[in-house]
Amino acid sequence: MAPHSLEPTEEAPSYDINLPYKPTSEKGQLKHAGASKYPQYLPKWEPVFFPPCPEFDFLDPALRADKDKRTLLKDAQIKHISPKMGSELSGVQLSSMSDAAKDELALLVSERKCVVLRDQDFADWGPASQQNFAEYFGKPNYQPVTGSVPGFPAFHIIHRDGNQAEIDKFFEHKLTSTLWHQDVSYERQPPGYVILCILQAPEVGGDTVFASTTEAYNRLSPGFQSMLEDLRATHSSEKMCNFARANGGLCRKDPIRTSHPIVRVHPVTGEKSLFVNGEFIRGIDGWKDPESDILLNFLTDHITKGHDFQVRLSWEPKSVVIFDNRTTCHTATVDYDARSDKDRHMFRLAPMAEVPIPAKK
Ligand SMILES: O=C(O)CCC(=O)C(=O)O
Ligand SMILES: [Fe+2]
């Protein structure tokens with residue numbers, strides 16, 4: 001079936017207001033840069049161009065794990081945050097995890113969709129060790145438009161730097177900052193286990209919300225599920241790249257367009273999940289735009305309104321969240337006052353995983 005056509009766009013971004021795509025304050029100086037606790041992680045845009053990622057072999061580390069997670073649970077305790085998804089893991093440091101424990105952590109993330117670890121020293125390891133940890137879970141992804149750490153292009157920097165004017169401008173046109181998405185879904189092998197690490201957080205606010213797209217799929221009736229299992233959608237980075245280029249930012253990787261199944265199967269749990277999001281999907285393959293829009297809007301609405309299969313995580317200092325990008329959608333919330341002297345600053349490492357497995361071959 002023909003993929004959806006793409007029109008060049010300079011329209012307002014379907015873009016996360018947390019994500020700078022170029023230095024945001026005058027003369028490239030970040031307003032709070034002097035006050036940053038982690039200046040090495042302030043976003044930088046190296047003019048490095050990335051070639052397309054070739055297909056690679058991926059074996060999910062959770063497939064090697066002991067099903068009872070005996071290594072991980074020797075010291076750690078698990079507390080569930082909500083019945084359908086989300087757990088807090090305490091009593092362990094990521095820094096002291098053996099490979100067996102990492103495999104079991106991957107299994108826990110596969111089962112619980114997102115896992116929060118508090119009081120971690122991870123933020124202070126330095127980029128090389130952090131990058132090395134992430135590579136255990138998949139192949140590094142180089143994000144085309146967002147700022148990074150020089151020499152470490154796998155770092156995707158999320159930084160709100162005190163520029164409240166930019167947020168005010170955003171809200172001139174928008175009702176909410178929420179933008180539900182899966183990370184980098186336009187790649188042929190999109191990220192699986194995604195790591196978010198907080199560096200500086202506002203006193204209150206700036207939570208991240210996650211929804212289980214497994215449970216969203218489970219709630220649908222069998223006939224509807226079966227209809228979805230025949231469908232694929234085209235995901236694309238073109239809109240994001242065009243927006244960055246049209247507005248003085250860089251796009252360091254040629255735009256990518258990929259067709260993925262709407263229902264994907266998890267390689268470890270075998271669960272089926274909806275793989276749709278509001279940021280990168282251009283349309284359902286072979287469907288006309290109004291047909292595609294109505295179905296995608298319905299599915300997005302269903303996922304985002306299902307508070308009975310969501311969790312909202314708050315960012316205490318020293319928190320790390322690892323989530324499964326294959327079975328969740330997530331959104332930042334920009335509800336805090338950026339004028340306060342506390343930046344919201346975090347990094348994401350999004351190692352890439354398998355080609356999405358369709359529910360029907
Ligand atoms: O800022 C957040 O809470 C999440 C950011 C995010 O989803 C992203 O950068 O992909
Ligand atoms: Fe994200």
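Since we're looking at a predicted model, the values are computed, not measured.

Q: Now, about the coordination of the iron ion (ligand 2): what can you tell me, with residues and values included?
A: In this structure, His-181 (NE2), Asp-183 (OD) and His-330 (NE2) serve as the protein donors to the iron ion (ligand 2), at separations of 2.1 Å. Along the chain, the residues that donate to the iron ion (ligand 2) are spaced as H-x1-D-x146-H. There is no split in this pair, since His-181 and Asp-183 are both buried.

Q: Can you explain the packing of aromatic side chains? Please cite residues and give values.
A: A complete count under the given rule lists 17 aromatic pairs for this structure. Summarising the aromatic geometry, the rings of Phe-122 and Phe-133 are spaced 5.6 Å apart at their centres and angled 65 degrees between planes, so their arrangement reads as edge-to-face. Taken together, the residues span a long stretch of sequence, with Phe-122 in the loop between β3 (114-117) and α2 (127-135) and Phe-133 in helix α2 at a distance of eleven residues. The two residues Phe-122 and Phe-133 agree in class, both being buried. An aromatic cluster is built from Tyr-38, Tyr-41, Phe-122, Trp-125, Phe-133, Tyr-136, Phe-137, Phe-152, Phe-155, Tyr-193 and Phe-347, whose rings are joined through pairwise contacts. Over the ring of Phe-56 we find Lys-139, and its NZ or CZ is 5.6 Å from the ring centre. Taking NZ or CZ as reference, Arg-264 lies 4.5 Å from the ring centre of Phe-275, over its face.

Q: Lay out unusual backbone geometry with the relevant residues and their values.
A: If you check the backbone angles, Asp-119 has positive phi at about 55 degrees while not being a glycine. By secondary structure assignment, the location of Asp-119 is in the loop between β3 and α2. Positive phi is not limited to glycine here, since Lys-318 has a value of about 70 degrees. You can call Lys-318 partly exposed: its relative accessible area is 42%.

Q: Give a detailed account of α2, specifying residues and quantitative values.
A: Along α2, the positions that sit buried rather than exposed are Pro-127, Gln-130, Gln-131, Phe-133 and Ala-134. Along the long axis of α2, the arc covered by the buried residues comes to 155 degrees, so they all point the same way. Buried-residue contacts for α2 involve α1 (99-112), β5 (193-200) and β15 (344-349).

Q: Help me get a handle on the sheet that holds strand β4 (residues 156-160), residues and values and all.
A: Taken in spatial order, the seven strands make up an open sheet running β1-β2-β3-β13-β5-β15-β4, and their pairing is mixed. If you trace the sheet from one side to the other, it starts and ends with β1 (77-80) and β4, each paired once. Averaged over all adjacent pairs, the angle separating strand axes in this sheet is 20 degrees, with direction ignored. Both β4 and β15 contribute to a ladder of five bridges, which runs antiparallel.

Analysis parameters
- Residues numbered from 1 in each chain as written.
- Chains lettered and ligands numbered in written order.
- Predicted model: local features only at pLDDT ≥ 70, side-chain atom pairs only at ≥ 80, totals over all residues.
- Heavy atoms only, no water.
- Donors = N, O, S within 2.8 Å, 3.2 Å for Na, K, Ca; no water.
- Buried < 20%, exposed > 50% of the residue type's maximum accessible area, 1.4 Å probe, protein only.
- Phe/Tyr/Trp six-rings, centres within 6.5 Å; stacked < 30°, edge-to-face > 60°.
- Helix = DSSP H or I, 4+ residues; strand = E, 2+ residues; numbered from the N terminus.
- Lys NZ or Arg CZ within 6 Å of the ring centre and 35° of its normal.
- Arc of directions from axis to C-beta.
- Contact = heavy atoms within 4.5 Å.
- Pairing = 2+ DSSP bridges.
- Axes fitted to C-alpha atoms, helices over the stretch in contact; angles between N-to-C directions.

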